[in-house]
Structures are given as C-alpha cells and as structure tokens.
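# Reading the structure
One letter stands for each residue in the lines below.
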Amino acid sequence: MTGQGTDLYGVVGHPVGHSRSPLIHRLFAGQTGQDMDYVPIDAAPGQFEEVLAEFHRRGGRGLNITLPYKGDAYRFATRLTPRSETAQAVNTLCWRDDEVLGDNTDGAGLVTDLTANLGFTLSGRRVLLLGAGGAARGAIAPLLERSPAEVVIANRTVSRAQDLATRFSALGPVSAAGFDDLEGVFDLVINSTSASLTGEVPPLPVTSVSTDTLCYDMMYQKGPTAFLAWAGMRGACVIADGTGMLVEQAAESFFMWRGIRPDTGPVLRAVRSQLS
Ligand code: ATR
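Okay, the overall build of the protein next. When you go through the protein residue by residue, the secondary structure sums to 10 helices and 12 strands. Here the C-alpha atoms of the protein give a radius of gyration of 19 Å, agreeing with the 19 Å that 2.2 N^0.38 yields for 276 residues. The dimensions of the protein, computed from C-alpha atoms along their principal axes, are 60 × 35 × 30 Å. A total of 276 residues make up the protein; the buried ones form 51% of that total. Put simply, of all contacts in the protein between residues at least 6 apart along the chain, 68% involve residues at least 24 apart. Surface summary for the protein: the accessible area is close to 12,400 Å², and the carbon and sulfur share equals 50%. Distance between charge centroids for the protein: 3 Å, based on 23 positive and 29 negative side chains.

This is the structure:
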C-alpha cells in the first residue's frame, strides 16, 4: 500500500514491462525499512520529457532511466555527476530542491559485480571489451580506475572503438582493435554489444579466451546468452551474465536517493531465482 508519506520512485523506458528494477528496489526498500514505492513507467517515443514532468508533479523523487532514454536523461538533468559526464549517459535522476541531478551507476555496478561478487582482481589484468556503444562508454573509466594492464576495445565498426580509445586515453592504457586484429589471451572479456539480443556472438578469435578467462555478458536473460554459451563451450573459467551488474547499479542508485546501502546478496539471489 502506498501511504501519504510514501516516497515515489520508478524506472522509465520503452519498453519497460520486462524491467526487474521494481522487484529489486522494493526488496531494497523492505530490507532497509524505507517508506517508498517504485513503479515501471513506459514513455512512448517523443514523450520522455512530458512523462518526467508528470512524474515530478505527482511528487516523484527519483527515477532510473533505461533504454532508449539514457541520452535524453543526460540532456534533461540540470546537474551531472562527473561519472555521468564521462559516460555521456544518465541512468539515475534525483529531484533535489530546484535541480535535477543526473548520475550514471552502470559502470560502478559492473565493477562491483566483477570485484565484490565474482572476486575478480582487475589490477594488472588484460581486459577485452567487446562493443563501442553507450554500454561500453559507461564501463571504460570505472574499469581503468582499477589499474588493469590494458583495456582493448574491439568493435565491428572499428572507428567507433578508436573514437572511444582516444577519448579515454588520458585515464589509462586503452586501445582499439577490429575483431580480426585481436592478439593473445585475455583475463577478462566483457560483452557490451547488443549481439546477444539477436542470439549472435561477436566474432572474436577463439584464442582470446582460455580456461582462466572470466567471460562476462552485460546482458541477462533466462539461461545463458549466446556469448556465454560460446564461452562455456571453450572452457572459459567463469561465465557471468549482467544480473549482478543490474542489482549493483540499482544499489548505487538507491544509495544516491536514500543514503543507505542495501545488502545486495539476497536480492541478487531473488532476481536469479526469478530468471531461472
Ligand atoms: P548500447 O548503447 O546498448 O551499447 P549501441 O550504441 O547501439 O547500444 O551499440 C551496440 C553495440 O553492439 C555496437 O558496438 C555494435 O557494433 P557496431 O558499432 O559495429 O554497430 C554492437 N553490435 C550489435 N550487434 C552486433 C553483432 N551482431 N556482432 C557484433 N557487434 C554487434
């Protein structure tokens, strides 16, 4: 039941019906005793700003933003955190006094999942990032912050990977490559492409992964994605989908809104059991 003192939050996207964010944030709220509700909001194309204005009129306090509106939210925010400026995308909005603060918690969510949940040490490791779209852009700075030996960005359209490598070169050892040019084995391969949506696997060489490689797909679905199935057949040491990243980015948003860090472990188990 939503009471008078209940603070309203939500997720805006199109489509948004499949979103697990309401489940995650309601579990966080229950666990931490926060009086809040969290609702999915579908914004039809061209309606994004109107939907946000209406949400704010209803007393809404904060929103998560999912596809395809992370760029619109970046332009909508009146103040940006440094990490959302770097990513040029916003997945979290927070109304405070007269301003709308925009943040991006995706990259932090990825790194927390890799390090805290999966126990992977990024420092000194070779990292291969597949894809050069918005999802990749949000991940590069948080990965470089953990001092990997290098981050190689491989993309079908090599010029997009080159643009990203140039943009982030001041932050650490990052370079671009075409899939055919990849050399040597990587400690971590992160799939940020949308290939999994169509059941495709980015055409990376089989020699990029070994039995010691962690293969990670930012996507999640019921069962392994095409990339993780490919990696599993090649004996990659650990395969992991983006469920942990989803829950960890949600926890970062929750912290920004409520100032409390939820315990993500039980929530991750609940989301996984819903997906299995
Ligand atoms: P997002 O914001 O989710 O990252 P995007 O900006 O549309 O989405 O980027 C999609 C990424 O997936 C791109 O890197 C795209 O490669 P191109 O830049 O060459 O288009 C990549 N991608 C999509 N389908 C792919 C496929 N079947 N194989 C390999 N890469 C694919």
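Accessible area lost during the coming together of the parts is what is often quoted as the interface size. Each assigned domain of the protein is listed here: domain 1 (7-104) and domain 2 (107-243). Taken together, the contact between domain 1 and domain 2 spans eight residues of the former and eight residues of the latter. Together domain 1 and domain 2 conceal approximately 570 Å² of surface at their shared face, both sides included; 44% is due to carbon and sulfur atoms. Contact with domain 2 buries area across many residues of domain 1, yet Thr86, Ala87 and Gln88 alone supply 60% of it, more than any other trio. In this structure, the connection of domain 1 to domain 2 is made through zero salt bridges. On the surface where domain 1 and domain 2 come into contact, there are four residue pairs in polar contact (both at pLDDT 80 or more). For the side of domain 1 that touches domain 2, the class distribution of residues is two nonpolar, three polar and three charged.

With that settled, consider helix α8 (residues 226-233). Within α8, burial applies to Ala226, Phe227, Leu228, Trp230 and Ala231. Against β7 (126-130), β10 (188-191), β11 (214-217) and β12 (238-240) lie the buried residues of α8. Remark: glycine 235 follows α8 within two positions and exhibits a positive phi of approximately 75°.

Right, let's talk about the sheet that holds β10 for a bit. If you walk across this open sheet you meet the six strands as β9-β8-β7-β10-β11-β12, and the pairing is parallel. Each edge of the open sheet is held by one strand with a lone partner, namely β9 (174-177) and β12. Direction aside, neighbouring strands of the sheet carry axes that sit 15° apart on average. As paired strands, β11 and β12 are joined by three bridges and run parallel to one another. Residue tyrosine 216 lies in a different strand from β12, and its bridge partner there is alanine 240. Those strands touched by α8 are β7, β10, β11 and β12, and its axis lies near 165° from that of β11.

Criteria and cut-off values
Here the residue numbers are simple positions, counted from 1 along each chain's written sequence. This being a predicted model, a pLDDT of at least 70 is required before a residue's local features are given, and a value of 80 or more before pairs of side-chain atoms are given or counted; all residues contribute to the totals for chains, interfaces and linings. Note that the side-chain values use all heavy atoms of the structure and ignore hydrogens as well as water. Starting at the N terminus, helices and strands are each numbered in turn, a helix being any DSSP run of H or I of at least four residues and a strand any DSSP run of E of at least two. Our radius of gyration looks at C-alpha atoms and nothing else; its globule reference is 2.2 Å times the residue count to the power 0.38. Classification of residues uses two cut-offs on accessible area relative to the type maximum, computed with a 1.4 Å probe and protein chains only: under 20% is buried, over 50% is exposed, and between them is partly exposed. In what follows, residue pairs with any heavy atoms lying within 4.5 Å of each other are defined as contacts. Residue exposure ignores everything except the shown protein chains as possible cover, and the areas themselves are Shrake-Rupley values with a 1.4 Å probe. Asp and Glu are treated as the negative residues and Lys and Arg as the positive ones, with His and the ends of the chain left uncounted. A charge is said to be at NZ when it belongs to Lys, at CZ for Arg, at CG for Asp and at CD for Glu. Boundaries of every domain are those given by an automatic assignment or by a domain database. The buried area of a pairing is the accessible area, by a 1.4 Å probe, that goes missing from both parts when the two are put together, added over both. Salt bridge, as used here, is a side-chain nitrogen of Lys or Arg placed within 4 Å of a carboxyl oxygen of Asp or Glu. Polar contact is the term for a pair of N or O atoms within 3.5 Å; when the atoms are in protein, one must be able to donate a hydrogen and the other to accept it, and sequence-neighboring residues count only if both atoms are side-chain atoms. All residues other than Ala, Val, Leu, Ile, Met, Phe, Trp, Tyr, Cys, Pro, Asp, Glu, Lys and Arg, Gly among them, are scored as polar; the first ten of these are nonpolar and the last four charged. Two strands form a pair only when DSSP identifies at least two bridges running between them. Simply put, an axis is a line fit to the C-alpha atoms, just over the touching stretch for a helix, and the angle between two N-to-C directions goes from 0 to 180 degrees.

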